Amino acid sequence: MLTEQQIQGIYVPVITPFTKDNQLDIPSFRNYITHMANSGIHGLVINGTTGESPTVSWDEVEQLVHVTKETLQSINKTIPIVVGTGTNDTASTVKRTQMAGELGADAVLVVTPYYNRPTEEGIYEHFRVTAEVGVPVIVYEIPARTGVRVSVDTMKRIMNLDGVIGLKDSTNGVELMSELVRSGSKPILCGDDAFFYDMLSEGAAGGMLASANINTEQFIEVYDRFKNGDKEGSRELFTRVAPFIDHLFAEPAPAMIKWLLVNQGIITSDQLRLPLMPASEQLKAKMDQYMVSSNAVI
């Protein structure tokens, strides 16, 4: 089980490779997990938004977790596995969290309930009941996707729950994290890639970054430099990485991530499940131009 002390560094939300007929591409997934594990990351997140969780069935999540565990064992790597189990139905979230624990997940990522717009007390109760399952919970706050923004006071209550071990903060700023850190919060991971350096400066323990699927070592170096006291070097390196993040998310993720992974020979297809679409030709051209103009190595 994941502990608060282990929530640090770069956690990568993994993509879910599909074949052209929209089935799981297990050989590509094995190759991809091997690549990510060998890059020096501190954790993997299965069934997050980057993994196209809205269109992936729980049976498929089970397959992905099994393959990940087998692959890590085959290359003698021990990396925490976090599984996304959050829904906007508390009973379903509890059931998925129980099943994730049975699969051997080290922790679960539970998003603030979306779409049905519960009250603050309803949100608190959602996390309280889920945390009682006994699998460590990382709270995921992302108002742009959920339609609700949890207040600082309610988030403090949630973070104080037994069984909640940390927060992925994707609030498009540092305000929430700053308030929580000042009150002695449990670990917080940056979930909004463009704010990674700013959030490290405000006390983040690391990042859960979709961008780190590509140029992984650079993101790890940004973190390592900061942790080792080279804040200026960390800032300068992140400044060089920032334009890449902008290009990566110019269209909904993980379209560009998958296209780049195909170009690297890590997966075989950039197929996404509808309603998501592959990266447009215009964006691919812009990314190519960026890589040439910046001498980027991807």
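Look up a bit, the structure's there.
Each chain carries its own residue numbering, running from 1 in the direction its sequence is written. Under the rules for a predicted model, residues below a pLDDT of 70 receive no local features and side-chain atom pairs below 80 are neither given nor counted, while totals for whole chains, interfaces and linings still include all residues. Only heavy atoms go into the side-chain values, all of them from the structure, while hydrogens and water stay out.

Draft legend 1. Representation of the pattern of salt bridges in the model. Salt bridge criterion: a side-chain nitrogen from Lys or Arg within 4 Å of a carboxyl oxygen from Asp or Glu. By the definition in use, this model includes 10 salt bridges. Linking Arg 157 and Glu 121 is a salt bridge whose minimum nitrogen-to-oxygen distance equals 3.0 Å. Of this pair, Arg 157 sits in helix α6 (residues 152–159) while Glu 121 sits in helix α4 (residues 120–131), placing them 36 residues apart in sequence. Taking the shortest distance from any N to any O, the salt bridge between Arg 225 and Glu 221 comes out at 2.6 Å. Placement of the pair is Arg 225 and Glu 221 together in helix α9 (residues 216–227), with a separation of 4 residues, close to one helical turn. The numbering of helices and of strands both runs from the N terminus, where a helix is a DSSP run of H or I of at least 4 residues and a strand a run of E of at least 2.

Draft legend 2. Quick peek at helix α3 (residues 90–103). Any helix carries an expected span of 1.5 Å times its number of residues minus one. Helix length check: α3, at 14 residues, gives a terminal C-alpha distance of 20 Å against a target of 20 Å (1.5 Å per residue), a fit within 8%. Turning to α3, its buried residues are Thr 93, Val 94, Thr 97, Met 99, Ala 100 and Leu 103. One side-chain oxygen of the residue at the start of α3 lies 3.3 Å from the amide nitrogen of Ala 91, identifying that residue as Asp 89. Immediately beyond the C-terminal end of α3, within one or two residues, lies Gly 104, with a positive phi of roughly 100 degrees. Residue burial is assigned from relative accessible area. The probe radius is 1.4 Å, only protein chains are included, and a residue is buried under 20% of its type maximum, exposed over 50%, and partly exposed in between. Whenever two N or O atoms come within 3.5 Å, that pair is a polar contact, provided that in protein one can donate a hydrogen and the other can accept it, and provided that, for residues adjacent in sequence, both atoms are side-chain atoms.

Draft legend 3. Spatial organisation of the nonpolar core. Ranked by size, the top nonpolar core spans 86 residues in total, and within it Ile 10, Tyr 32, Met 155, Ile 158, Phe 196, Leu 260 and Met 287 carry the most contacts. Setting aside its immediate chain neighbours within four residues, Met 155 contacts Val 139, Glu 141, Val 150, Leu 167, Leu 176 and Leu 180. Each nonpolar core is a collection of buried residues, namely Ala, Val, Leu, Ile, Met, Phe, Trp, Tyr and Cys, held together in the definition by side-chain atoms within 4.5 Å. Contacts are assigned to residue pairs that have any heavy atoms within 4.5 Å of one another.

Draft legend 4. Up close: the packing of α4 against α6. Axis definition: a line fit to C-alpha positions, over the contact stretch in the case of helices; interaxial angles, taken between N-to-C directions, run 0 to 180 degrees. As a packed pair, α4 and α6 sit with axes 10 Å apart at the nearest point and diverge in direction by 15 degrees. The angle between α4 and α6 falls in the class roughly parallel. Between α4 and α6 lies a crossing of right-handed hand. Residues Glu 120, Glu 121, Ile 123, Tyr 124 and Phe 127 of α4 form the contact with α6, whose own contacting residues are Thr 154, Arg 157 and Ile 158. Between 65 and 115 degrees an angle is taken as roughly perpendicular, under 35 as roughly parallel, over 145 as roughly antiparallel, and anywhere else as oblique. For any pair of crossing helices, the crossing counts as left-handed if the nearer helix is rotated counterclockwise from the farther one by less than a right angle, and right-handed if it is rotated clockwise.

Draft legend 5. The environment of Asn 116, seen in detail. The residue Asn 116 is located in the loop between β4 (107–111) and α4 in this model. Relative accessible area serves as the criterion here: at 42%, Asn 116 is assigned to the partly exposed category. Within polar-contact distance, the side chain of Asn 116 engages the backbone oxygen of Asn 88 at 2.9 Å.

Draft legend 6. Summary view of the pairing of strand β3 (residues 81–84). Neither face of β3 is open: one carries Ile 81 and Val 83, the other Val 82 and Gly 84, and all of them are buried. Here strand β2 (residues 43–46) runs beside β3; their pairing, made up of 3 bridges, is parallel. Looking at β3, one finds that Leu 44 is bridged to Ile 81. In terms of handedness, the path from β2 via helix α2 (residues 58–74) over to β3 forms a crossover that is right-handed. In short, DSSP must find at least two bridges between two strands for them to pair. Of the strand pairs in this sheet, β3 and β4 are connected by 3 bridges, and their pairing is parallel. Its bridge partner being in β4, Val 83 is matched across the sheet by Val 108. The path from the first strand over the helix to the second decides the hand: if it runs clockwise while the strands point away from the viewer, the crossover is right-handed. For the crossover from β3 across α3 to β4, the handedness is right-handed.

Draft legend 7. Quick peek at the packing of aromatic side chains. When two rings of Phe, Tyr or Trp (its six-membered ring) have centres within 6.5 Å they constitute a pair, described as stacked for plane angles under 30 degrees, edge-to-face for angles over 60, and tilted for the intermediate range. One pass over the full model with this rule turns up 3 aromatic pairs. With a centroid separation of 6.2 Å and 45 degrees between ring planes, the pair formed by Phe 29 and Tyr 32 is classed as tilted. With Phe 29 and Tyr 32 both in helix α1 (residues 26–37) and 3 residues apart, this pair spans about one turn of that helix. Measuring from ring centre to ring centre gives 5.8 Å for Tyr 197 and Phe 226, while their planes differ by 80 degrees; the resulting arrangement is edge-to-face. Of the two residues, Tyr 197 sits in helix α8 (residues 196–201) while Phe 226 sits in helix α9, which places them 29 residues apart along the sequence. Tyr 197 sits in the buried class, given a relative accessible area of 13%.

Draft legend 8. Molecular detail of helix α7 (residues 175–182). Buried within α7 we find Leu 176, Met 177, Ser 178 and Leu 180. Residues of α7 that are buried sit in contact with β5 (137–141), α6, β6 (164–169), β7 (188–190) and α8. One or two positions beyond α7, positive phi appears at Gly 184, with a value near 80 degrees.

Draft legend 9. Structural view of the side chain of Lys 284. Its place among the elements puts Lys 284 in helix α12 (residues 281–294). On the accessibility criterion, Lys 284 (13% relative accessible area) is buried. In contact with Lys 284, not counting residues within four places along its chain, are Met 256, Trp 259, Asp 270 and Ala 279.

Draft legend 10. Main features of the packing of helix α11 (residues 255–263) against α12. Following both chains from N to C, one finds α11 and α12 inclined at 60 degrees, their axes separated by 11 Å at the closest point. It follows from the interaxial angle that α11 and α12 lie oblique. Note on packing geometry: the crossing formed by α11 with α12 is right-handed. Contacts between α11 and α12 involve Met 256, Trp 259 and Leu 260 from the first element and Leu 283, Lys 284, Met 287, Asp 288 and Met 291 from the second. Its residues assigned to classes, the contact of α11 with α12 shows 6 nonpolar, no polar and 2 charged. Amino acids are sorted into nonpolar (Ala, Val, Leu, Ile, Met, Phe, Trp, Tyr, Cys and Pro), charged (Asp, Glu, Lys and Arg) and polar (every other residue, Gly among them).

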